[in-house]
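Each chain is listed here by its residues.
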Amino acid sequence: MRYCTQHPDTCIDHKMKVLLLLVMLTAAACAAAPQDLSGKMFTFPQQTNSAHVRLETSREEFSAVTVCLRSFTDLSRNHVLFSLATPSAANDFLIFKKTAADVIELIARNSNVEVVGQEYKLNTWHSVCATWSSQSGLVQFWLDGRPSSRRFVNSGSNITGHTIITLGQEQDSHGGGFDIKQCFIGMISDVHMWDYVLSSCEIQRYVDNLNFTPGNVLNWRALQFQITGRVLLENKPVSLYECH
Ligand SMILES: *[C@@H]1O[C@H](CO)[C@@H](O)[C@H](O)[C@H]1NC(C)=O
Ligand SMILES: [Ca+2]
């Protein structure tokens, strides 16, 4: 400010520069360009009630959903794998691992169902997919390409409203309400989301990492995201059989 009062001519110039810088910073903060995260993973190394990744989509209505991701953890307690909230439903679409061995809870439109009997091993990379259709109301869970029974959860209404998707923390409110006892610790990679139910063949292609149709809502190869707290974007180690 001292600079301005002493030099009225450069004052405007200085203000313009500050303004321009602010505009540029704001633009950078708002328009996080999509990134190709092929070969990368998010590492969640710590138990917190804050560290998470927000995945951005502008979509605000879904009559069906498929989410696929790969995860690695040593947690035997409750933990969240995928949390989608809208203003009207904090659990509009949720994939949640329960403490009990091999129990996965799926929630759509705030209604839940448990699927059991699949081998959710610790310290192992798993391919996890979940589907839901509002028309049938059915959900299905796929662990490493093995399907669960198809179970009814909620039909007849769509997921609508401003969509907030988080990895690492489970939303008890729209964009917040995180519980440290439900946070995810470990690594997550290859997150895709589609606005339709994938066929079993398409899911198999995802699991085998063959040429699959990338998510049309979230695409790991063109992902817009925002990291809060200690979450690292790291190279995903190749599996052992790929070592030479
Ligand atoms: C749900 O969304 C679909 C298409 O996105 C639309 O055709 C349908 O009318 C919607 N259903 C309801 C109950 O709003
Ligand atoms: Ca919770």
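Structure: see above.
Residues numbered from 1 in each chain as written. Chains lettered and ligands numbered in written order. Predicted model: local features only at pLDDT ≥ 70, side-chain atom pairs only at ≥ 80, totals over all residues. Heavy atoms only, no water.

> Is there a simple way to think about the overall build of the chain in this case?
Helix and strand counts for the chain come out as three helices and 17 strands. Across the 244 residues in the chain, those meeting the buried criterion constitute 45%. On the chain, roughly 12300 Å² of surface is accessible, and the fraction owed to carbon and sulfur atoms is 53%. (Helix = DSSP H or I, 4+ residues; strand = E, 2+ residues; numbered from the N terminus. Buried < 20%, exposed > 50% of the residue type's maximum accessible area, 1.4 Å probe, protein only. Areas by Shrake-Rupley, 256 points an atom, 1.4 Å probe, with all protein chains shown as cover.)

> What exactly am I supposed to notice about the coordination of the calcium ion (ligand 2) here?
Note on metal geometry: ideal angles are 109.5 degrees for four donors arranged tetrahedrally and 90 or 180 degrees for six donors arranged octahedrally. Within the protein, the calcium ion (ligand 2) binds to Glu170 (OE), Asp172 (OD), Asp172 (OD) and Gln182 (OE1); these donor distances fall in the range 2.1 to 2.9 Å. As a motif over one chain, the donors of the calcium ion (ligand 2) read E-x1-D-x9-Q. One end of the pair, aspartate 172, is in the loop between β14 (164-167) and β15 (186-194); the other, glutamine 182, is in the loop between β14 and β15, with ten residues separating them in the sequence. Overall, glutamine 182 belongs to the buried group, its relative accessible area being 17%. (Donors = N, O, S within 2.8 Å, 3.2 Å for Na, K, Ca; no water.)

> Please explain the site of ligand 1 as it appears in this structure.
Taken together, the neighbourhood of ligand 1 is formed by Glu61, Ser63, Gly156 and Asn158. Here asparagine 158 contributes a side-chain N or O atom positioned 2.3 Å from an oxygen atom of ligand 1. Burial of ligand 1 by the surrounding chains reaches 34%, relative to a free accessible area of 360 Å². Split by residue class, the shell around ligand 1 holds no nonpolar, three polar and one charged. (Near = heavy atom within 4 Å. Polar contact = N/O pair within 3.5 Å; in protein donor to acceptor, adjacent residues only side chain to side chain. Nonpolar A, V, L, I, M, F, W, Y, C, P; charged D, E, K, R; others polar.)

> Whenever I open this one, the sheet that holds strand β7 (residues 103-108) confuses me. Can you help?
Paired through their backbone hydrogen bonds, the strands of a sheet run either parallel or antiparallel. With antiparallel pairing, the seven strands of this open sheet are ordered in space as β8-β7-β6-β5-β14-β2-β16. The open sheet has two edge strands, β8 (111-116) and β16 (225-228), and neither has a second partner. In this sheet, adjacent strand axes meet at a mean angle of 20° when their direction is disregarded. By the bridge criterion, six bridges tie strand β5 (residues 79-86) to strand β6 (residues 89-97) in an arrangement that is antiparallel. Bridge pairing links serine 83 to leucine 94 in β6. (Pairing = 2+ DSSP bridges. Axes fitted to C-alpha atoms, helices over the stretch in contact; angles between N-to-C directions.)

> Explanation requested: the nonpolar core in the structure shown.
Generally speaking, soluble globular proteins have nonpolar side chains that are buried together. In terms of nonpolar packing, the biggest core is built from 41 residues, with Phe42, Phe82, Phe93, Ile95 and Met193 touching the most fellow members. One finds Cys129, Trp142, Tyr206 and Phe212 within the second-largest nonpolar core, a separate group that totals nine residues. (Core = buried A, V, L, I, M, F, W, Y, C linked by side-chain atoms within 4.5 Å.)

> In this structure, what is going on with the side chain of threonine 86? I would like to understand it.
Along the chain, the position of threonine 86 falls in strand β5. Among the residues examined, threonine 86 registers a relative accessible area of 0% and is labelled buried. For threonine 86, the residues in contact, after removing those within four places along its chain, are Asp92, Ile159, Thr160, Gly161, His162, Thr163 and His174. (Contact = heavy atoms within 4.5 Å.)

> Would you mind going over unusual backbone geometry with me for this structure?
Non-glycine residue aspartate 102 carries a positive phi angle of around 60°. For aspartate 102, the position within the fold is in the loop between β6 and β7. On the accessibility criterion, aspartate 102 (25% relative accessible area) is partly exposed.

> I tried to follow the state of the cysteines on my own but got confused; where do I start?
Here, disulfide denotes a covalent bond that connects the sulfur atoms of two cysteines. Counted by the stated rule, this structure contains one disulfide. The disulfide bridge from cysteine 68 ends at cysteine 129, spanning 2.1 Å between sulfur atoms. Because the sign of the S-S torsion sets the handedness, a value of about 115° for the bond joining cysteine 68 and cysteine 129 places this disulfide among the right-handed ones. Of the two residues, cysteine 68 sits in strand β4 (residues 64-72) while cysteine 129 sits in strand β9 (residues 126-133), which places them 61 residues apart along the sequence. (Disulfide = S-S within 2.5 Å.)

> Just checking my understanding: could you explain the packing of aromatic side chains for this structure?
We describe a pair of aromatic rings using the distance from one ring centre to the other and the angle between the two ring planes. If you walk through the whole model with that rule in mind, you get six aromatic pairs. On the numbers, 5.5 Å between centres and 85° between planes, the contact of phenylalanine 42 with tryptophan 220 is edge-to-face. With phenylalanine 42 in strand β1 (residues 40-44) and tryptophan 220 in the loop between α3 (200-207) and β16, the pair connects residues that are 178 residues apart, well separated along the chain. One aromatic cluster is present, formed by Phe42, Trp220 and Phe225 through successive ring pairs. Over the ring of tyrosine 206 we find arginine 70; its NZ or CZ atom is 4.3 Å from the centre of that ring. Cation over ring: arginine 221 sits above phenylalanine 212, and NZ or CZ is 5.2 Å from the ring centre. (Phe/Tyr/Trp six-rings, centres within 6.5 Å; stacked < 30°, edge-to-face > 60°. Lys NZ or Arg CZ within 6 Å of the ring centre and 35° of its normal.)

> What is the right way to read the environment of glutamate 114 from this model?
With respect to the helices and strands, the residue glutamate 114 is situated in strand β8. Once the C-alpha coordinates of glutamate 114 and isoleucine 104 are considered, the two residues, ten residues apart in sequence, prove to be 5.6 Å apart. Residues within four places of glutamate 114 in sequence aside, it is in contact with Lys98, Val103, Ile104, Glu105 and Arg151. Within the structure, the side chain of glutamate 114 is placed 2.8 Å from the side chain of lysine 98, a separation counted as a polar contact.

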